Each structure stands twice: as C-alpha cells, then as structure tokens.
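Given next are the chains, with one letter for each unit.
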Amino acid sequence: MLAVQFVIVLLAIYVGARLGGIAIGFAGGLGVLVLTTVCQINPGNIPFDVIQIIMSVIAAIAAMQVAGGMDYLVSLAAKLLRKHPKYITFLAPVVTYVMTIFAGTGHTAFSTMPVIAEVAKGQGIRPSRPLSIAVVASQIAITASPISAAVVFTAGILEPVGVSYLALLGICIPTTFVAVMLTAVVSNFLGSELKDDPVYKDRLAKGLVSNTKVADIVIKPGAKLSVLLFLLGIVAVMLYATAISKSVGLIENPILGRDHAIVVFMLSIATAICVFCKIDTNEILNASTFKSGMSACVCVLGVAWLGDTFVQAHINEIKEFSGSLLQEHSWMLAIILFFAATLLYSQAATAKALLPAALALGVTPVGVVASFAAVSALFVLPTYPTLLAAVQMDDTGSTRIGKYVFNHSFLVPGVIAIALSVLFGFIVGNMVL
C-alpha cells in the first residue's frame, strides 16, 4: 500500500504541474481526498502556520507595491545595473537576492528582468547568463530571508534542538550569497557568445529583437515612505524573534509567539502604509504580488497537506528504511529536499512536509541547516513563473527551454548554486553550531 499511495502522491503533483500555477494546490487537495477516502489513512496537518505568514507578509508587500515602494526599489536596481553594465552577470543576482531577502518572496524578480535583459543586450552579453543566475538567486534567497515562511517555520522546529533564529540566518545568509556569487562566475561562461548564437542571429535577421529601452519608472509620492515602513517591520520582526528566543531570553513567557508576532507586525505595517501613504486599499487586491502570494498560499495548502498526510501515515516505515542512513549521511537530506522541491514547487511547502520528519529520523541540526538551501530547487522543471518570465523577456532567444525539457538555461546554475550552498552550510554549520 505504501507504494500505491506514493504513486497517488506523485500523480497528484504531476497533474498539478501539468495544469500549472495555482492548480498544483488544487491537485494536492485531490490527492488528500484519494488518500483519505480510498486508501483510508488519516489526513495530515493543514499548514496554517506557514500560510498565515505568507498571507500577512504578502499583504504588507502588496500595500507597499500599491504605494509605489516596489517601483522605487526597482528604479534603484535599474540605476545600479545601467551604471555598471559590464558586470551585469554579477550584479543581477545581487539585486534579485537582496530584493528577495527584503520582501520574503522571489516574485520580486519579475520587475527587474526587463532591465536585466535590456542591459545585457546593450553590452552584447548573452542575456541568459545574468537572467538564469538572477532567477536562481531569487529562489535560494528565500532560505535566507528573515520574513520568509520557509525560514520562520524552519527556525521554529530547530530552536528546540539548539539552533536559534539568528543562528539559522547567520549561517544561511553568507553561505547562500557566496554560493550564488561563485555560480555567477561560472554562469558568465555558459553558452556561446551572443553574437555567435544561431538562434539570436535568426531572430535578429527576422527583426524579432527589440532595441527599445525599458521606460523609466515614475515614482509615487509615498513610495520611499512605504519602503521605510516595510523595513521597520522587518527590523521589528527580527528584534522580537531574537528577544523571545531561548538563547537570548529577553522576554520570558511571551504572549505572542514568533509566528503570531510576524503576522501582527506585517498587518500593522500594511495598515501604516495604507494610512500614511494614502493608498486606495481596493488596488491591493489587484496588485501582482498579492495575486502571486495568494496563489502560493493555495499551493502550500494543497501540496504540504498532501505531503504531511503521506509522511505521517508511513513515518515508522520511513524511519526503518532511511533513519540510520540519514543519521550517518546527513548530506543525503539535501538530495531528498532537492527532488521534493522539484515536485512541490514551494520552499515553505517542502520544508513543512519533510524537515520535521528529518529531525524525527535523527538528522543532526547541522545537517538540517546545511541542507535547507536545497528546498529552493524550483528551477528543475521549466514551469516556475519567474523562470518562464525570464524566457519570455529575453527576445534574443538565448534564455530558452530545450527540446528535452530539462536542458534549459537555469538547470546548471541552479544545481551548482545549491550544491555550493549545502557544502558551505556544512562547513560553517560545523564551525558555529
């Protein structure tokens, strides 16, 4: 029955991936329905803790976007990229990495992709080089963002075993950033030069390559203030999470736990942006970040619930089969997380579905922290929104999906970046923890 139920899980995820977008969450719910009614196993835990964090953070980001804050950040990024165009392959991932850490969502990369493609073309640089590593950086940075649901959840399960919220960030931020930048060096040599690319030559001859410059963004009056308010919210979250941690213990017996505190702080910041930046709150529902964030909530709801239902039903068999193996070779957790993230399409959903089980199986805290970056393997299947957007925005055709599906522009940079992040995670983790 275990094999049959595992096939059901895979089929549900496959159906969702084929339908695309929010449908992977729908299909996750369908999988739970089949497992519970046909296979007669108890439903797992619905990941409300992760969902409430995503919803509250996205609400604040959407309010900031309506106030013009996202446009302001993109304008700063565009100035940096245009000022140093020769270094676009190295600056592009820095921009998307920092914006993701700041916002807690990789969807912020959408806004910078047109500028990245424009600057690369202007320098005769193959756009696939900066675009591919920029997309990968935006995904990996989720595991280093103080307000991402994946980080907050992972910090919550690691604190009882001696790894604090700040310790997790202190390891993940430098290791993932260095890994991304080293991968950018490799990316700078991937693929032929743009002038020698036959696809580019063909598109250029047909007049399909545009030379139009991306228009400058008009900054709204309340844009800078909204960014400042959001930044204050992040600082407040970090200070409070640190104050209530067992290692610091500034606040004993806190009324608000870390999860609830993030929700309260983010909703409060969203309120402050609405009041002081004088925005039309009806526009928030139509903001692109709000739509993508709510879609992510449904995906996490269905997929993480499906994963937890299967894992909890067979936790004893899983322990018997892989417990000793993972205890002796904790790096194998990274491989499991890598392939799981490929199917689950969410860092938070992957962490929620597998990390508690990994700790229960005896994986060391260092092993969990080091392997955490592997939950960002959302680039393997070329159907993730930011990946598809990068392909569509590169009219030179250099950023493309090959005929064999997996031979696309993002696979090599993504695998290298995650492998380096995990390697550095083990090195630093063993030194710090």
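Preceding this paragraph is the structure being described.
Note that the structure is predicted; figures quoted are calculated from it, not measured.

Parameters at a glance
- Per-chain numbering applies: the sequence of each chain, read as written, is numbered from 1 onward.
- A pLDDT threshold of at least 70 governs which residues receive local features in this predicted model, and a stricter bar of 80 or more applies before side-chain atom pairs are shown or counted, although totals over entire chains, interfaces and linings include all residues.
- The basis for every side-chain value is the complete set of non-hydrogen atoms in the structure, without hydrogens or water.
- Runs of H or I in DSSP of at least four residues are treated as helices and runs of E of at least two as strands, each being numbered from the N terminus.
- Each helix should span, by expectation, one fewer than its residue count multiplied by 1.5 Å.
- Each residue is assigned to one of three classes by its accessible area relative to the maximum for its type, calculated with a 1.4 Å probe on protein chains only: buried under 20%, partly exposed between the two thresholds, exposed over 50%.
- Here, residues are in contact when the closest pair of their heavy atoms is within 4.5 Å.
- As used here, the term nonpolar core means buried Ala, Val, Leu, Ile, Met, Phe, Trp, Tyr and Cys residues forming a set that is joined through side-chain atoms within 4.5 Å.
- A patch consists of residues exposed above 30% relative accessible area that lack any salt bridge, with like charges linked at up to 9 Å and nonpolar side chains (Val, Leu, Ile, Met, Phe, Trp, Tyr) linked at up to 5 Å.
- To measure how exposed things are, a 1.4 Å probe is used in the Shrake-Rupley method; for residues, cover is taken only from the protein chains shown.
- Should a side-chain nitrogen of Lys or Arg be within 4 Å of a carboxyl oxygen of Asp or Glu, the pair is scored as a salt bridge.
- Only protein atoms enter the 1 Å grid used here. Points where a 1.4 Å probe fits but cannot escape make up a cavity, open sets with protein on both sides within 12 Å along at least five of seven lines make up a pocket, and a residue lines them when an atom lies within 4 Å of a point.
- Grid points are joined across faces, edges and corners, and a volume is the space filled by probe spheres set on the points.
- Ten residue types, Ala, Val, Leu, Ile, Met, Phe, Trp, Tyr, Cys and Pro, are classed as nonpolar, four, Asp, Glu, Lys and Arg, as charged, and the remainder, Gly among them, as polar.

Undergrad: Whenever I open this one, helix α12 (residues 258–276) confuses me. Can you help?
TA: Side chains three or four residues apart in an α-helix point the same way, a direct result of the helix having 3.6 residues per turn. In a regular helix each residue adds 1.5 Å, so 19 residues correspond to 27 Å; α12 covers 26 Å between its end C-alpha atoms and thus fits that length. The complete set of buried residues in α12 reads R258, A261, I262, V263, M266, I269, A270, A272 and I273. Tucked into the core, α12 has its buried residues touching α3 (48–66), α8 (149–158), α9 (165–187) and α11 (223–244). Phi turns positive one or two residues past the end of α12, at K278, with a value near 55°.

Undergrad: Explain the side chain of Q139 to me, please; I cannot follow it from the model alone.
TA: Checked against the element boundaries, Q139 lands in helix α7 (residues 128–140). In this structure Q139 comes out as buried when scored by relative accessible area, which is 3%. Sequence-distant contacts of Q139, that is, excluding residues within four places in its chain, are made with Q347, S376, L378, F379, Y384 and T386.

Undergrad: Got a minute to help me understand the nonpolar core in this structure?
TA: Within soluble globular proteins, side chains that are nonpolar generally end up buried alongside one another. Within the largest apolar cluster, 141 residues are counted, with the highest numbers of intra-cluster contacts made by F230, I273 and F372. For this core, the element with the most residues is α3, which contributes 12 residues. Not counting the four nearest positions on each side in its chain, F230 is found in contact with V57, A60, I61, M64, F102, A103, I147, M266 and I269.

Undergrad: What is the right way to read a nonpolar patch on the surface from this model?
TA: On the surface, a nonpolar cluster with roughly 480 Å² of combined accessible area is contributed by L225, L228, L232, V275 and F276. Mapped onto the nonpolar patch, the elements with two or more residues apiece are α11 and α12. As for its placement among the helices and strands, L232 is situated in helix α11.

Undergrad: When you look at α3 in this model, what are you seeing that I'm missing?
TA: Here α3 spans 27 Å end to end across 19 residues, near enough to the 27 Å set by a 1.5 Å rise per residue. Looking one or two places after α3, you find G68, whose phi comes out positive at around 100°.

Undergrad: I would appreciate a short explanation of empty space enclosed by the protein in the present structure.
TA: With a probe scaled to a water molecule rolled over the atoms, the places where space remains empty come into view. One pass over the structure, following the stated rule, counts 1 cavity of 30 Å³ or more. Considered as a void within the structure, the largest cavity measures approximately 30 Å³ in volume. Considering the residues around the largest cavity, the lining is formed by I171, C172, T175, T176, V369, A370, A373, S421 and G425. Class assignment for the residues of the lining of the largest cavity results in 5 nonpolar, 4 polar and no charged.

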